[in-house]
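# Chain and residue survey
Given next are the chains, with one letter for each unit.
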Amino acid sequence: MENIDWKNLPFAYKKTDFNVRSYFKNGEWGEILVSDSEFINMHMASTCLHYGQEIFEGLKAYSGMDGKIRLFRWEENAKRMINSARGILMQEVPVELFREAVFKAVRLNEKYVPPYGFGATLYIRPFLVGLGPEVGVKAAKEYLFVVFVTPVGPYFRDGFAPVDIMICRKFDRAAPRGTGSYKVGGNYAASLQSLKEAHMAGFGTTLYLDACEKKYIDEAGPANFFGIKGNTYVTPKSNSILPSITNMSLMQLAEDEGMKVERRLIPVEELSEFDEVGACGTAAVITPIRKIVDPDTNKIYEYGDKNEPGPVCKRLYQHLTAIQTGDIEDKFGWISYLE
Ligand SMILES: *Cc1c(COP(=O)(O)O)cnc(C)c1O
């Protein structure tokens, strides 16, 4: 076991011992190479540097009370990466290569998987870049697939506490027929301006509206949005949001708990009708939202009591994290053990 202060581990990059890589060249994927370097050597005219051919994934490995290391729904990340690759004409990473690389990266860095009980996890970052000199706008012929891992503490140091967010009309993250549904680096570049403005105004993140009509809720920064209305879980239907695996899992848990689930357009005004709202993604699982401010209409939507997450957010959060760490039985078949 590595001598790490697991209790105070920040949510930040920390060097581990190895990463794994595979090159696609001459029409085929090469073997999985193990590297101890944090650097990549590439041609300066590579398509990832000029034309944005970069996609990524994010998942976690969790230690259970039984000491076993668990991965959560990695096949969904593999499938989503294939979809992202198709979206911007990159070479697809086969599911089997994805699995081998991810499991190998975790196994090689097993001593960095935080032990059970600290709320810390091993964050896994697979990514794919287009390589090789292309000056005209076109897809690369060569690709590099890398998986690195880094141990991270809980996303929010103060634990599961609500945040305030701001509606964003000034910027869009993604267009309806653009790349919003693919996990591409370019979507994050497009979000930096609005994120900076939100931070400067004292908010945790921005709430994007649909880019076309500016009438419906899209995403909450780099996370999916959901609202709780009585016994119903409501989440936006939009083709410019990233299909979150956390959201997909929460919808299934909500149904399993006897809630109704609706995936549909959510008009901005409906924000006043929810009992609870939250953002969800792998990093924080659920971020409960206390207040949504609309700077253009001066409307303020508030939820719950001061600093307490709502009861449904709390229940869903506990249910999902208990499955991830193995505290309760995984009846959905979402867990894979590190073999
Ligand atoms: C990765 C991501 C999410 C969250 O997806 P999960 O699979 O739940 O981690 C949500 N929105 C955007 C824009 C993302 O890139």
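Residues numbered from 1 in each chain as written. Predicted model: local features only at pLDDT ≥ 70, side-chain atom pairs only at ≥ 80, totals over all residues. Heavy atoms only, no water.

## Quick word on the pattern of salt bridges
Pairing is possible between side chains of opposite charge, provided their charged atoms come close. The test is simple: By definition, a salt bridge exists where a carboxyl oxygen of Asp or Glu is found within 4 Å of a side-chain nitrogen of Lys or Arg. Only DSSP runs of H or I covering at least 4 residues are called helices, and only runs of E covering at least 2 are called strands; the numbering of each starts at the N terminus. When accessible area is computed with a 1.4 Å probe and restricted to protein chains, residues below 20% of their type maximum are described as buried, those above 50% as exposed, and intermediate ones as partly exposed.
If you walk through the whole model with that rule in mind, you get 24 salt bridges. Asp-17 is the partner of Lys-111 in a salt bridge, and the nearest nitrogen-oxygen pair spans 2.9 Å. Of this pair, Lys-111 sits in the loop between α3 (95-108) and β7 (121-131) while Asp-17 sits in the segment before β1 (19-25), placing them 94 residues apart in sequence. When its relative accessible area of 35% is taken as the criterion, Lys-111 is described as partly exposed. In this structure, Lys-170 and Glu-197 form a salt bridge, with 2.7 Å as the shortest nitrogen-oxygen distance. Residue Lys-170 is found in the loop between β9 (163-168) and α4 (185-189), and its partner Glu-197 is found in helix α5 (residues 192-200); the two are separated by 27 residues along the sequence.

## Comments concerning the packing of helix α6 (residues 245-256) against helix α7 (residues 311-324)
For the record, the criterion: Only the stretch in contact is used when fitting a helix axis, every axis being a line fitted to C-alpha atoms; angles between N-to-C directions are given from 0 to 180 degrees. Roughly parallel covers angles under 35 degrees, roughly antiparallel covers those over 145, roughly perpendicular covers 65 to 115, and oblique covers all other angles. For a crossing to be left-handed, the near helix must be turned anticlockwise from the far one by less than a right angle; the clockwise case is right-handed. Whether two residues are in contact is decided by their heavy atoms, any of which lying within 4.5 Å being enough. Residues are grouped as follows: Ala, Val, Leu, Ile, Met, Phe, Trp, Tyr, Cys and Pro are nonpolar; Asp, Glu, Lys and Arg are charged; all remaining types, including Gly, are polar.
Where α6 contacts α7, the axes come no closer than 10 Å and their chain directions differ by 110 degrees. Considering their axes alone, α6 and α7 lie roughly perpendicular with respect to each other. By crossing handedness, the relation of α6 to α7 is classed as right-handed. Contacts between α6 and α7 involve Thr-246, Ser-249, Leu-250, Leu-253, Ala-254 and Asp-256 on the former and, on the latter, Leu-316, His-319, Leu-320 and Ile-323. For the contact of α6 with α7, a count of residues per class yields 6 nonpolar, 3 polar and 1 charged.

## A word on the nonpolar core
Counted only if it meets this: Side-chain atoms within 4.5 Å link the members of a nonpolar core, which is a set of buried Ala, Val, Leu, Ile, Met, Phe, Trp, Tyr and Cys residues.
In this structure, Phe-98, Val-106, Ile-124, Leu-128 and Phe-145 are the most contacted members of the largest nonpolar core, which totals 39 residues. Only β1, β5 (59-63), β6 (69-72), α2 (74-87), α3, β7 and β8 (142-152) provide two or more residues apiece to this core. In terms of residues, this core owes the most to one element, α3, which gives 7 residues. Those residues in contact with Leu-128, other than ones at most four positions away along the chain, are Trp-29, Gln-53, Glu-54, Ile-55, Met-81, Ala-85, Met-90, Gln-91, Val-93, Tyr-143, Leu-144 and Phe-145.

## Regarding α3
Threshold: Expected span of a helix, by definition, is 1.5 Å for each gap between consecutive residues, and there is one gap fewer than residues.
With 14 residues, α3 should cover 20 Å at 1.5 Å per step; its first-to-last C-alpha distance of 20 Å lies within 8% of that length. Of the positions making up α3, those classed as buried are Leu-97, Phe-98, Ala-101, Val-102, Phe-103, Ala-105 and Val-106.

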